[in-house]
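# Survey of secondary and tertiary structure
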Amino acid sequence: MGEGRSEQEILLESRRKFLGQCLAVLGATALGGALYPVVQYLRPLEADKAARKVEVDLGEIPMGTAKTILYRGLPTLVINATEGVVAISAVCTHLGCIVKWQEERKMLFCPCHAARFALDGRVLGGPAPAPLEVHPVTVAGGKVMLGA
């Protein structure tokens, strides 16, 4: 009654183990491939990858106009206003839409839900819950510099 297993049974068992291991590796690879983009999307932008210092030629921004740049990984408006040069976040604090500079009204306007902002970032109207972030700028030698 205590006969040993046949060679065929041992071979069949080793094949099953091998196929099980192959399926486990394939499953883990598929799961990793599906989760990687989700994790990358949810992970915040690393500060090291974002530009910490940006320089813009003032000649590219005529008086009363604005130029959109990337600063610290986010869209930022550099505005050459009569009050001086201002750098302000272009991301609306309501739902993250990109605000536009309206030269004739001298204010920032969010086209998504009609939020309005002053040059100092204050909310003038609309659903925005907080002011826009204003970045310090230095103007020297015809250049506008943001960051350290």
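The structure reproduced in this document is the subject of the present report. This one's a predicted model, so the numbers in the text were calculated from it and none came from an experiment. (Residues numbered from 1 in each chain as written. Predicted model: local features only at pLDDT ≥ 70, side-chain atom pairs only at ≥ 80, totals over all residues. Heavy atoms only, no water.)

### A look at the pairing of strand S2 (residues 66-71)
Taken together, the six bridges between S2 and strand S3 (residues 74-81) define a ladder with antiparallel strand orientation. By the bridge assignment, Lys67 is partnered in S3 with Val78. Connecting the antiparallel pair S2 and S3 is a turn made up of two residues, with Arg72 showing a positive phi of about 55°. (Pairing = 2+ DSSP bridges. Helix = DSSP H or I, 4+ residues; strand = E, 2+ residues; numbered from the N terminus.)

### Observations regarding the side chain of Asn80
Topologically, Asn80 is positioned in strand S3. On the basis of relative accessible area, Asn80 is assigned to the buried category, the value being 10%. Setting aside residues no more than four positions away along its own chain, Asn80 makes contact with Leu58, Ile61, Pro62, Met63, Gly64, Thr65 and Val85. (Buried < 20%, exposed > 50% of the residue type's maximum accessible area, 1.4 Å probe, protein only. Contact = heavy atoms within 4.5 Å.)

### Things to note about the sheet that holds strand S5 (residues 100-102)
The strand order across the open sheet formed by four strands is S5-S6-S7-S8, and the pairing between neighbours is antiparallel. Two strands close off the open sheet at either side, each with one partner strand: S5 and strand S8 (123-125). Alignment of strand S6 (residues 107-109) against strand S7 (residues 116-117), held across two bridges, turns out to be antiparallel. Looking across to S7, one finds that Leu108 is bridged to Phe117.

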